[in-house]
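Descriptive analysis of the structure
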Number of protein chains: 2
Amino acid sequence: MDTHLSNTAPAYDRLKQRFARIATLGEAAAMLGWDAQAMMPDGGSEARGEQLATLSGLAHEMLVAPETGALLEAASTPDSSAWDVANLRLMKRSYLKATVLPGDLVEALSRQSNACEMAWRQARAESDFAAIAPKLEGLLSLVREQATALSEVLSLSPYDALMDEFQPGIGAADAAPIFARYEAFLRDNLDAIEARQAAGPAPVALPALPIDAQEALCRDLAARVGLDFDHARLDRSIHPFCGGTPTDIRITTRYSEADPSNALYAVVHETGHALYEAGLPKDWRGRQPVGQACGMAAHESQSLSIEMQACRSDAFLSWLGPFLAERFGDHPAYAPDNLARAWRRVERGFIRVDADEVTYPAHVILRFRLEQAMIAGDLKVADLPGAWAEGLHALLGVTPPDDARGCLQDIHWYSGAFGYFPSYSLGAMTAAQLMDAARAATLDLDAALATGDFRPLRGWMAANVHAQGSLYGFNDLLRHATGAPLGIEPFLAHLRRRYLD
Amino acid sequence: MDTHLSNTAPAYDRLKQRFARIATLGEAAAMLGWDAQAMMPDGGSEARGEQLATLSGLAHEMLVAPETGALLEAASTPDSSAWDVANLRLMKRSYLKATVLPGDLVEALSRQSNACEMAWRQARAESDFAAIAPKLEGLLSLVREQATALSEVLSLSPYDALMDEFQPGIGAADAAPIFARYEAFLRDNLDAIEARQAAGPAPVALPALPIDAQEALCRDLAARVGLDFDHARLDRSIHPFCGGTPTDIRITTRYSEADPSNALYAVVHETGHALYEAGLPKDWRGRQPVGQACGMAAHESQSLSIEMQACRSDAFLSWLGPFLAERFGDHPAYAPDNLARAWRRVERGFIRVDADEVTYPAHVILRFRLEQAMIAGDLKVADLPGAWAEGLHALLGVTPPDDARGCLQDIHWYSGAFGYFPSYSLGAMTAAQLMDAARAATLDLDAALATGDFRPLRGWMAANVHAQGSLYGFNDLLRHATGAPLGIEPFLAHLRRRYLD
């Protein structure tokens, strides 16, 4: 435990101690959260809820305590340390965001989002939007209050203030033109991509594999990508995720005997997240705000550069195909060309989480526009199903057959998370831009992938992204790593190379 | 999370809220402690140490805060509720014990016991007592300070104040005559027990079983004994234990393919502990002091009544033998008579944790006498190896060949735990006394065990022990359950029936 600093210690040192304690409570909660998904028997959920509420309640109390405010006013950092300067700035931001929301709003949000999320499960199962609409309306009105309060203290628009919760440093004004450009790309190219795909052979499905064999394969591939099992575990849960703490990472996946692809790609995806967490700056990670990852889009760039950019590349598949054949016996599905066809198939669908990398951004663009309109008060909850169907048709030319496959498919809004969706596609675009820079800096990156070797890729990401923590804002991180703020061209070039050339 | 009570709420209600929060932090720590033993990769240990220290530090701060003292002075409970009266008494006791120790002593104890425990691992591996003696001396002198401080506030002798940490309500003056009586019993009967055993056939060892099969068996037996897997898990760890919380219990064991007995008996033992935790009073458990188990001896009585009393009884073995034969195929080892010979073998050995139920108390008596002498200042650390060898010889007629198998075998003293050992044997004696009462109250208890049915035993223990929490002190719990305070006769009668008749 920390030795307590006396009241005469410099204010910034005392703040660091306070934030370290808050971060440690967060780490304890992260482990308990993993356990709840991966290990806990059902009967433990009530007590676990109490434990997590107590930990977050204590952390919140420590953050908003008047002493925190007084120390922040008194604190100064040596000008010479960019890390300390950024850390103090992030402390202030964190304190402001936590103190600006009235306690009864926080409580109402927590209660209403719990209730709405519970009701959503049933509404989705029964594809009954009308049943959930009143609860979503109530939640939306609280989220708008939250957005207004945050917007004042952050000097951002209400919607940008919500985006800031997930990826600070990038707002609707940055995302909108990028997404408009992507919409045009789809309009101009999706038919051609499909025609080219239709002209080739149909993919051969991968043969079924016993789950133990899949798990061993996932473990080997995760280690090859870079997961250090002295500091990590791989377990099972209903939804794959990356949890735990930087030195004790817990990734999960789910297995289906009939379809080994899902588990495999979930694991390399989560391993991308894991590498980011494990690679955060040692002196700050798990202790101080500046030691955290730079945001959700940055995080998604790391999972997608592994899953989409590297693990679905021709180079890597040329290694993986023979590796699978040697391990499980020859099968036509393991031909690298076939793996590419199976794992890079483009299809206009209704479901975001099932979408390929070409159509995925269309699902995000739809949600980005609808949630902006809801936060602005321009779209009523009652009109959401119609707007959804229309919007999806405009983007992809398909119409969901029901609301379960339409505006009820994602948990986000029903749990109060508005402003999250853009991070997914901004992450995909960031991944492409980072990969270009990594390739330019590392001559042998693809040659290494073609031997199943991730070290050059991992090394570049570790130095240019992971080890930077939250030293920079989002676009400054990209400027340092790639020479430019986020742009869409690298992603479009990647798609053209992969799906059109 | 708890709604915060206003400052004008009755003091006792505010205390309950405070203690509930402290208990919830303890629950979080219990889950993280289980994870550290059963799941955590080695690389997570440093961060886990930080998490656990932070949780216990916060809990301690809440307990010793001046507000706690002020509320305790102001609090009163309705006379009509024995539970509230007991709860308030236990709150006061807990506060007094936490506040009487100076902060620098607590810190020194924590540092010295960590250092001594680390050094002990090496000293035991090399059987080098001289290497650890100075660290143990330093630790002992701090423990004596602790005992003196506690003794003043508890109005107990220093050694009794240490015993009180593990089993409140029973001291050296209670244990000493019981142990003296047991020493006499051994002197009078151990030779006869061995002679009777030698006259019978030698036991046939159980055949090896694949570990998966052992695990499935352990799971089935634990469920049969009464473990509810909606509120529990069974996993693996280096040392078997029962952890977690009353609604989310985590028991562990270890497996050896060659010897299925160890895992099996560890699991039924830990299941006994688990039933106690799961059966604690619903309105108080995991939240208030009165909702906790009554102490370590009481806890051990529950594991031993399952493991030693029930699961090694003729009645249960008459069911288990055919059950094993049906499950794994006929084998001479599975004959109930042979199981009894294999699992009730008496042997004078050097190692406490390997001892049978007849010689086990001798190991405890030795430690009880030596630690009293050390706390009183009558035995110097340097003289411990000699006193140990002499003492064991006097009790069992054997002399350890080295200190690794002598005074270095147990972790307890080297981690600062003095006063713990008596609980083991007092628990065995308590188990026998409770079993007698359970048999008298429940006509079909053994008939049920002979069909593999633990419900009558479990039901009686649940009502008479588990559901009582800490409502009574140790001997009052026994008076209510059995009509008398702890005595040794039921245990001696049990041993006579099992090993001499």
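Fair warning: this is a prediction, and the values are worked out from it, not measured in the lab.

Here Arg-327 of chain A lies in helix α12 (residues 314-328). Each C-alpha atom, one on Arg-327 of chain A and one on Ala-213 of chain A, is 9.7 Å from the other, the two residues being 114 residues apart in sequence.

Okay, the domain arrangement of chain A next. All names here are of chain A. Assigned domains of chain A: these are domain 1 (11-166), domain 2 (172-199 + 351-422) and domain 3 (211-349 + 426-499). Domain 1 and domain 3 are separated by 28 Å when their C-alpha centres are compared. On the domain 3 side, the residues contacting the 23 residues of domain 1 number 26 residues. When domain 1 packs against domain 3, close to 1900 Å² is buried across both sides, 67% of that on carbon and sulfur atoms. For the domain 1 face of the interface with domain 3, the top three residues by lost area are Met-31, Trp-34 and Trp-83, together amounting to 36%. In this structure, the connection of domain 1 to domain 3 is made through 5 residue pairs in polar contact (both at pLDDT 80 or more). For the side of domain 1 that touches domain 3, the elements supplying multiple residues, two or more each, are α1 (11-38), α4 (82-100) and α7 (158-166).

For the structure shown, the criterion picks out 34 aromatic pairs over all chains. Taken together, a centroid distance of 6.3 Å and an interplanar angle of 45° make the contact between Phe-421 of chain B and Tyr-424 of chain B tilted. Since its relative accessible area comes to 1%, Phe-421 of chain B is described here as buried. The buried category is assigned to Tyr-424 of chain B, whose relative accessible area is 13%. In this structure an aromatic cluster arises from ring pairing among Phe-166, Tyr-360, Trp-388, Trp-413, Phe-418, Tyr-420, Phe-421 and Tyr-424 of chain A. We note Arg-312 of chain B situated over the ring of Tyr-265 of chain B; from NZ or CZ to the ring centre the distance is 4.0 Å. Between Arg-367 of chain B and the ring centre of Phe-421 of chain B, over which it is positioned, the NZ or CZ distance is 5.5 Å.

Glancing now at helix α18 (residues 455-464) of chain A. Residues and elements named next belong to chain A. Along α18, the residues that are buried comprise Pro-456, Leu-457, Trp-460 and Met-461. Along α18, the residues classed as buried sweep out an arc of 125° about the axis, all on the same side. Residues of α18 that are buried sit in contact with α11 (296-310), α16 (422-441), α17 (445-449) and α19 (474-482).

Strands in a sheet are paired, the pairing made by backbone hydrogen bonds, and the direction either parallel or antiparallel. Residues and elements named next belong to chain B. Strands sit in the order β1-β3-β2 across an open sheet of 3 strands; the sheet is mixed. Two strands close off the open sheet at either side, each with one partner strand: β1 (232-236) and β2 (242-245). Within this sheet the neighbouring strands show an average axis-to-axis angle of 20°, counted without direction. Relative to strand β3 (residues 248-253), β2 runs antiparallel, the two sharing 4 bridges. Among the inter-strand pairings, Thr-245 is bridged to a residue of β3, identified as Asp-248.

Residue and element names in this part refer to chain A. Taken in spatial order, the 3 strands line up as β1-β3-β2 in an open sheet, and their pairing is mixed. Of all the strands in the sheet, the pair left with one neighbour each is β1 (232-236) and β2 (242-245). Strand-to-strand twist in this sheet, taken as the mean axis angle between neighbours without regard to direction, amounts to 20°.

On to the relation of the copies chain B and chain A. By a simple turn and slide, chain B fits onto chain A: the slide is 0.0 Å along the axis, the RMSD is 0.0 Å, and the turn is 180°. Such a combination of turn and shift is consistent with a two-fold rotation axis. Looking at chain B, 100% of its interface residues are interface residues in chain A too, so the copies touch through the same face.

Attention shifts here to the packing of helix α2 (residues 45-64) of chain A against helix α1 (residues 11-38) of chain B. For the pair α2 of chain A and α1 of chain B, the least separation of the axes is 9 Å and the interaxial angle reads 110°. Here α2 of chain A lies roughly perpendicular to α1 of chain B, going by the angle between them. When you trace α2 of chain A past α1 of chain B, the crossing you get is left-handed. Of α1 of chain B, the residues touching α2 of chain A (which contributes Ala-47, Arg-48, Glu-50, Gln-51, Thr-54, Leu-55, Gly-57, Leu-58 and Glu-61 of chain A) are Arg-21, Thr-24, Leu-25, Glu-27, Ala-28 and Met-31 of chain B. In the contact of α2 of chain A with α1 of chain B, the residues fall into 6 nonpolar, 4 polar and 5 charged.

Let us now look at the interface of chain B and chain A. Contact with chain B, which involves 39 residues of that partner, is made by 39 residues of chain A. Summing both sides of the interface, chain B and chain A together bury roughly 3000 Å²; the carbon and sulfur share of this comes to 59%. Between the two partners, chain B and chain A, sit 8 salt bridges. When the shortest N-O distance is used, the salt bridge between Glu-61 of chain B and Arg-21 of chain A registers 2.7 Å. The interface formed by chain B and chain A holds 14 residue pairs in polar contact (both at pLDDT 80 or more) in total.

Residues and elements named next belong to chain A. Taking the numbering used here, the UniProt-annotated feature "binding site: Zn(2+)" (unreviewed entry) corresponds to His-269, His-273 and Glu-300. In three dimensions, the annotated residues from a span of 32 residues occupy one location, with a maximal C-alpha spread of 8.9 Å. In this fold, His-269 is placed in helix α10 (residues 260-279). We classify His-269 as buried; its relative accessible area is 12%. Other than its neighbours up to four places away in sequence, His-269 contacts Glu-300, Ser-303, Leu-304 and Glu-307.

All names here are of chain B. Phe-129, Tyr-182, Leu-384, Trp-413 and Tyr-414 are the most contacted members of the largest nonpolar core, which totals 122 residues. With 12 residues, helix α6 (residues 129-154) is the largest single contributor of residues to this core. In this structure, Tyr-182 is in contact with Glu-357, Val-358, Pro-361, Ile-365, Met-429, Ile-488, Phe-491, Leu-492 and Leu-495, ignoring residues within four places of it in sequence.

Time to look at the UniProt feature "active site" (unreviewed entry) in chain A. Residues and elements named next belong to chain A. Mapped onto the present numbering, the UniProt feature "active site" (unreviewed entry) falls at Glu-270. Note that Glu-270 resides in helix α10. Residues within four places of Glu-270 in sequence aside, it is in contact with Pro-240, Phe-241, Cys-242, Ile-251 and Thr-252.

Tallied over the full model, the rule gives 60 salt bridges over all chains. Residues Asp-35 of chain A and Arg-48 of chain A are paired through a salt bridge, measuring 2.9 Å at the closest nitrogen-oxygen approach. With Asp-35 of chain A in helix α1 and Arg-48 of chain A in helix α2, this pair connects stretches of sequence that are 13 residues apart. We classify Asp-35 of chain A as buried; its relative accessible area is 4%. Assessed through its relative accessible area of 3%, Arg-48 of chain A is described here as buried. As a salt-bridge pair, Asp-164 of chain A and Arg-93 of chain A come within 2.3 Å of each other at their nearest N and O atoms. You can see Asp-164 of chain A sitting in helix α7 and its partner Arg-93 of chain A sitting in helix α4, a full 71 residues away along the chain. Residue classification places Asp-164 of chain A among the buried residues on the basis of a relative accessible area of 4%. On the accessibility criterion, Arg-93 of chain A (27% relative accessible area) is partly exposed. By sharing partners, the salt bridges in this structure join Asp-35 and Arg-48 of chain A together with Asp-248 and Arg-250 of chain B into a single network.

The rules behind the values
- Residues numbered from 1 in each chain as written.
- Chains lettered and ligands numbered in written order.
- Predicted model: local features only at pLDDT ≥ 70, side-chain atom pairs only at ≥ 80, totals over all residues.
- Heavy atoms only, no water.
- Helix = DSSP H or I, 4+ residues; strand = E, 2+ residues; numbered from the N terminus.
- Domains from an automatic or database assignment.
- Contact = heavy atoms within 4.5 Å.
- Buried area = accessible area lost by both parts, 1.4 Å probe.
- Polar contact = N/O pair within 3.5 Å; in protein donor to acceptor, adjacent residues only side chain to side chain.
- Phe/Tyr/Trp six-rings, centres within 6.5 Å; stacked < 30°, edge-to-face > 60°.
- Buried < 20%, exposed > 50% of the residue type's maximum accessible area, 1.4 Å probe, protein only.
- Lys NZ or Arg CZ within 6 Å of the ring centre and 35° of its normal.
- Arc of directions from axis to C-beta.
- Pairing = 2+ DSSP bridges.
- Axes fitted to C-alpha atoms, helices over the stretch in contact; angles between N-to-C directions.
- Least-squares fit on C-alpha atoms with pLDDT ≥ 70 in both.
- Parallel < 35°, antiparallel > 145°, perpendicular 65-115°, else oblique.
- Left-handed = near helix turned anticlockwise from the far one by under 90°.
- Nonpolar A, V, L, I, M, F, W, Y, C, P; charged D, E, K, R; others polar.
- Salt bridge = Lys/Arg side-chain N within 4 Å of Asp/Glu carboxyl O.
- UniProt positions renumbered as here; feature names shortened; annotations may be inferred.
- Core = buried A, V, L, I, M, F, W, Y, C linked by side-chain atoms within 4.5 Å.

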